[in-house]
Amino acid sequence: MQRIMLTPGTLLEMAESRAFRWLKGGVGMLRDFAYPDADGGPRRPRVGLALSGGFARGIAHIGVLKVLQEQHIPIDCISGTSVGALIGAAYAAGTSLEEMERQGALTIFTDFGRWKFSRLGLASNQKLDEFLARFTKCTTFEELKIPLAVAATELGAGKTRYFTSGDLRLAIRASCAYPGLFVPLEIEGSLLVDGFVTDPLPVEGARLLGADVVIGVYLSTVSDQTIPTNVIDVLGRTFTIVQQASEQHWRRLANVVIEPNVATFAWDGFSKTPEMIAAGETATRAALPAIRRAISAGRHASI
């Protein structure tokens with residue numbers, strides 16, 4: 001076995017070498033901050049997009065993505081809850097927005113749900129595996145082109161669990177397991193339901209992926225002009241009211257929050273795809289000044 005002898009001179013040289021590497025790394029970070037990138041512009045922060053749930057109303061996320069793409073707003077990572085996780089996964093996989101819009105208009109409940117009465121829920125969302133396959137062949141997070149975090153709620157612990165690696169399909173099914181409607185999903189000994197229960201807007205998921213600036217898209221289901229007409233509406237309205245207590249938290253964590261006006265659309269109103277996409281576009285165009293300020297100056301922005 002070869003033995004390495006450390007003399008006082010050697011130790012001094014090693015200490016000086018470590019100090020030099022540390023100083024060099026610090027200078028490099030300062031240079032990156034102070035000097036332009038190769039394209040001549042200032043070094044920008046890492047931008048994350050956090051997408052909330054909302055059943056069919058989630059189609060508005062496509063309108064948001066359309067405007068961000070059109071305006072060349074960078075998206076370095078995505079986090080999603082429920083339908084936000086589904087839309088986020090499709091976009092992160094490279095699915096075109098045109099294809100997402102086409103599929104959205106054709107969607108009906110039985111494409112992703114199957115009535116299966118049990119003590120834990122009224123339906124199974126196992127068909128989401130097939131539904132996701134319409135958008136992408138990716139089955140793992142590692143295959144995605146953009147990093148993605150999927151939020152689900154651990155019923156036992158009462159906390160959010162973020163999935164960032166492994167089986168993409170299982171994570172999305174867990175995130176979309178709307179309590180009371182879909183049967184919870186068991187993963188690694190934990191019973192999981194829809195991420196919106198503990199994380200209505202998964203800003204922390206984007207931060208987990210390294211986002212410096214987070215653009216949140218929140219789809220409110222509360223409208224003063226409509227009354228619940230079915231059990232899903234009742235559940236949705238109830239959860240939204242309860243979640244208002246945590247609203248201040250996620251609003252504080254996000255740099256910008258976009259809120260498309262979709263509250264009047266039905267939870268299964270997929271036939272209104274063009275109108276919901278338009279709502280997403282309108283809200284995003286209004287938020288563009290705040291988004292640009294947040295990216296260029298790194299300041300907290302709100303609309």
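Computed from a prediction, not measured in an experiment: that's the story for all the values here.

1. A look at unusual backbone geometry
No. 1: Phi at Phe 55 is positive, roughly 55°, even though this residue is not glycine.
No. 2: Considering the arrangement of structural elements, one finds Phe 55 in the loop between β1 (47–51) and α2 (60–70).
No. 3: Positive phi, close to 50°, is recorded for Glu 188, a residue that is not glycine.
No. 4: The topology assignment puts Glu 188 in the loop between β7 (185–187) and β8 (190–194).

2. Regarding the packing of α2 against helix α4 (residues 97–106)
No. 1: Their axes nearest at 10 Å, the elements α2 and α4 cross at an angle of 165°. Taken together, the axes of α2 and α4 lie roughly antiparallel to each other. In this structure, α2 crosses over α4, and the sense of that crossing is left-handed. Every residue of α4 that contacts α2 at Ile 62, Leu 65, Lys 66 and Gln 69 is listed here: Leu 97, Met 100 and Glu 101.
No. 2: When its residues are assigned to classes, the contact of α2 with α4 shows four nonpolar, one polar and two charged.

3. Description of the environment of Ala 60
No. 1: Relative to the helices and strands, Ala 60 resides in helix α2.
No. 2: Put simply, Ala 60 and Ile 87 are 27 residues apart on the chain and 9.9 Å apart in space, counted from C-alpha to C-alpha.
No. 3: In this view, Ala 60 contacts Leu 219, Pro 260, Val 262, Met 276, Ile 277 and Gly 280; residues no more than four positions away in its chain are not counted.

4. Re the packing of aromatic side chains
Remark: the centre distance and the inter-plane angle together describe each pair of aromatic rings, the angle taken between the planes.
No. 1: What the rule picks out here adds up to eight aromatic pairs.
No. 2: Consider the rings of Phe 55 and Trp 267, whose centres lie 5.1 Å apart with planes at 80°: the pair is edge-to-face. Here Phe 55 is found in the loop between β1 and α2, whereas its partner Trp 267 is found in the loop between β10 (256–258) and α10 (273–297), with 212 residues between them in sequence.
No. 3: With relative accessibility at 16%, the residue Phe 55 sits in the buried group.
No. 4: Centre to centre, the rings of Phe 112 and Phe 182 are 6.5 Å apart; their planes meet at 65°, and the pair counts as edge-to-face. With a gap of 70 residues between them, Phe 112 in the loop between α4 and β3 (114–118) and Phe 182 in the loop between α6 (168–175) and β7 connect regions that are remote in the sequence. Each member of the pair, Phe 112 as well as Phe 182, is classed as buried.
No. 5: Here the aromatic cluster, defined as three or more aromatic residues joined through ring pairs, consists of Phe 112, Phe 131, Phe 135, Phe 182 and Phe 270.

5. Some remarks on the pattern of salt bridges
No. 1: Applying the stated criterion across every chain yields a total of 10 salt bridges.
No. 2: Where Glu 70 meets Arg 285, a salt bridge forms, and the shortest distance between an N and an O atom there is 2.8 Å. Of this pair, Glu 70 sits in helix α2 while Arg 285 is found in helix α10, placing the two residues 215 residues apart along the sequence.
No. 3: On the basis of relative accessibility, which here comes to 43%, the residue Glu 70 falls in the partly exposed class.
No. 4: Judged by relative accessible area, which is 37%, Arg 285 ranks as partly exposed.
No. 5: Between Glu 259 and Arg 251 there is a salt bridge, with its nearest N and O atoms 3.0 Å apart.

Conventions used here
- Residues numbered from 1 in each chain as written.
- Predicted model: local features only at pLDDT ≥ 70, side-chain atom pairs only at ≥ 80, totals over all residues.
- Heavy atoms only, no water.
- Helix = DSSP H or I, 4+ residues; strand = E, 2+ residues; numbered from the N terminus.
- Axes fitted to C-alpha atoms, helices over the stretch in contact; angles between N-to-C directions.
- Parallel < 35°, antiparallel > 145°, perpendicular 65-115°, else oblique.
- Left-handed = near helix turned anticlockwise from the far one by under 90°.
- Contact = heavy atoms within 4.5 Å.
- Nonpolar A, V, L, I, M, F, W, Y, C, P; charged D, E, K, R; others polar.
- Phe/Tyr/Trp six-rings, centres within 6.5 Å; stacked < 30°, edge-to-face > 60°.
- Buried < 20%, exposed > 50% of the residue type's maximum accessible area, 1.4 Å probe, protein only.
- Salt bridge = Lys/Arg side-chain N within 4 Å of Asp/Glu carboxyl O.

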